[in-house]
Amino acid sequence: MENKPIPDIDYKAFEGKWYSLYSIPALLDKNWKQTTETYTLKDDDHFDVLTTYHKEGNPEEKTITSKLFFDHNKADGDMKAQFLWPFKIGYWIIEIGDDYSYVVVGHPDEKYLFIMAREPKMEADLLVDIIENCRVMGYDVSELVSQEHF
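The structure contained in this document is the topic of the report that follows. Keep in mind that this is a model prediction, so the values were computed, not measured.

How each quantity is defined
Residues numbered from 1 in each chain as written. Predicted model: local features only at pLDDT ≥ 70, side-chain atom pairs only at ≥ 80, totals over all residues. Heavy atoms only, no water. Buried < 20%, exposed > 50% of the residue type's maximum accessible area, 1.4 Å probe, protein only. Helix = DSSP H or I, 4+ residues; strand = E, 2+ residues; numbered from the N terminus. Pairing = 2+ DSSP bridges. Core = buried A, V, L, I, M, F, W, Y, C linked by side-chain atoms within 4.5 Å. Contact = heavy atoms within 4.5 Å. Expected span 1.5 Å × (residues − 1). Arc of directions from axis to C-beta. Phe/Tyr/Trp six-rings, centres within 6.5 Å; stacked < 30°, edge-to-face > 60°. Lys NZ or Arg CZ within 6 Å of the ring centre and 35° of its normal.

### Observations concerning the pairing of strand β7 (residues 102–106)
Thinking step 1. β7 sits mainly inside the fold: five of its five residues count as buried.
Thinking step 2. By the alternation rule, side chains of β7 split into Tyr102, Val104 and Gly106 and Val103 and Val105, which are all buried.
Thinking step 3. Two strands pair when backbone bridges link them, and strand β6 (residues 87–96) and β7 are joined in this way by four bridges, in the antiparallel orientation. Its bridge partner lying in β7, Ile96 is registered against Val103.
Thinking step 4. Taking the residues between adjacent antiparallel strands as the criterion, β6 and β7 are bridged by five residues, where Tyr100 takes a positive phi near 60°.
Thinking step 5. As judged from the four bridges shared by β7 and strand β8 (residues 113–117), these two strands associate in the antiparallel manner. Among the inter-strand pairings, Tyr102 is bridged to a residue of β8, identified as Ala117.
Thinking step 6. What sits between the antiparallel neighbours β7 and β8 is a turn of six residues, in which Glu110 has the positive phi angle 55°.

Below, the structure is given as structure tokens:
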């Protein structure tokens, strides 16, 4: 398997709430737990994203907004996330369930990885398969941390 964005995504089916279950976190979200992301399709070129999370050891829920841009001239899974204008970072959808029940978000340099699902849990066999696929693609899966959804 090669680390590359998937070619076709139904953006309308992708829209909605996702639970981040496991991640190789970025600097921004290193100590976040119980993270959810809600994607709202806008203007046929991006999603508005509302992220909710708890900082480790703090019960107070926090939120952050961002945008997720896609380019109709590239693979559908080849997106750019923007947390602070004008900076954008690579956000690749590298695997998605046929029924859009789970998604795996990677990075062109295998730096970050997010395993997300529509529910706050996932079948153990499916999770093992996803992690193995990511390992084969070049991700250091030993760095995966749980988002501790209950």
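Picking up where we left off.
### So, the nonpolar core
Thinking step 1. Core analysis: the largest hydrophobic core is formed by 20 residues, its most contacted members being Phe14, Tyr39, Leu68, Tyr91 and Ile93.
Thinking step 2. Those elements that provide at least two residues to this core are α1 (11–14), β3 (46–55), β4 (61–70), β5 (78–84), β6, β7 and β8.
Thinking step 3. At three residues, β6 tops the list of elements feeding residues into this core.
Thinking step 4. Among residues more than four places away in sequence, those in contact with Phe14 are Ile9, Tyr39, Phe47, Leu68, Tyr91, Ile93, Ile96, Tyr100, Val103 and Arg118.
Thinking step 5. The next biggest cluster of nonpolar side chains, apart from the first, holds 17 residues, and it includes Trp92, Ile115, Ile130 and Leu144.

### Thoughts on helix α2 (residues 124–137)
Thinking step 1. The first and last C-alpha atoms of α2 sit 20 Å apart over 14 residues, in line with the 20 Å expected at 1.5 Å per residue.
Thinking step 2. Along α2, the residues that are buried comprise Leu127, Ile130, Cys134 and Met137. Looking down the long axis of α2, one finds its buried residues gathered within 85° of arc, a one-sided arrangement. Pointing more than 90 degrees away from the buried face of α2 are the exposed residues Ala124, Asp125 and Val128.
Thinking step 3. Of the residues one or two after α2, Gly138 is the one with positive phi, at around 115°.

### Regarding the pairing of β5
Thinking step 1. Taken together, the four bridges between β4 and β5 define a ladder with antiparallel strand orientation. Bridge pairing links Phe69 to Lys80 in β5.
Thinking step 2. Here β5 pairs with β6 via five bridges, running antiparallel. Paired with Met79 across the bridge in β6 is Tyr91.
Thinking step 3. Linkage of β5 to β6, two consecutive antiparallel strands, is achieved through a turn of two residues.

### Points about the packing of aromatic side chains
Thinking step 1. Enumeration over the complete set of coordinates arrives at eight aromatic pairs.
Thinking step 2. Seen in terms of ring centroids, Tyr11 and Phe70 are 3.9 Å apart; in terms of plane orientation they differ by 20°. Their pairing is stacked. Linking Tyr11 in helix α1 with Phe70 in strand β4, this pair joins segments that are 59 residues apart in sequence. For the pair Tyr11 and Phe70, a shared accessibility class is recorded, and that class is buried.
Thinking step 3. Put simply, the rings of Tyr11, Phe14, Trp18, Tyr39, Phe47 and Phe70 pair up and form one aromatic cluster.
Thinking step 4. When the ring centre of Phe69 is taken as origin, the NZ or CZ atom of Lys88, which lies over that ring, is 4.2 Å away.

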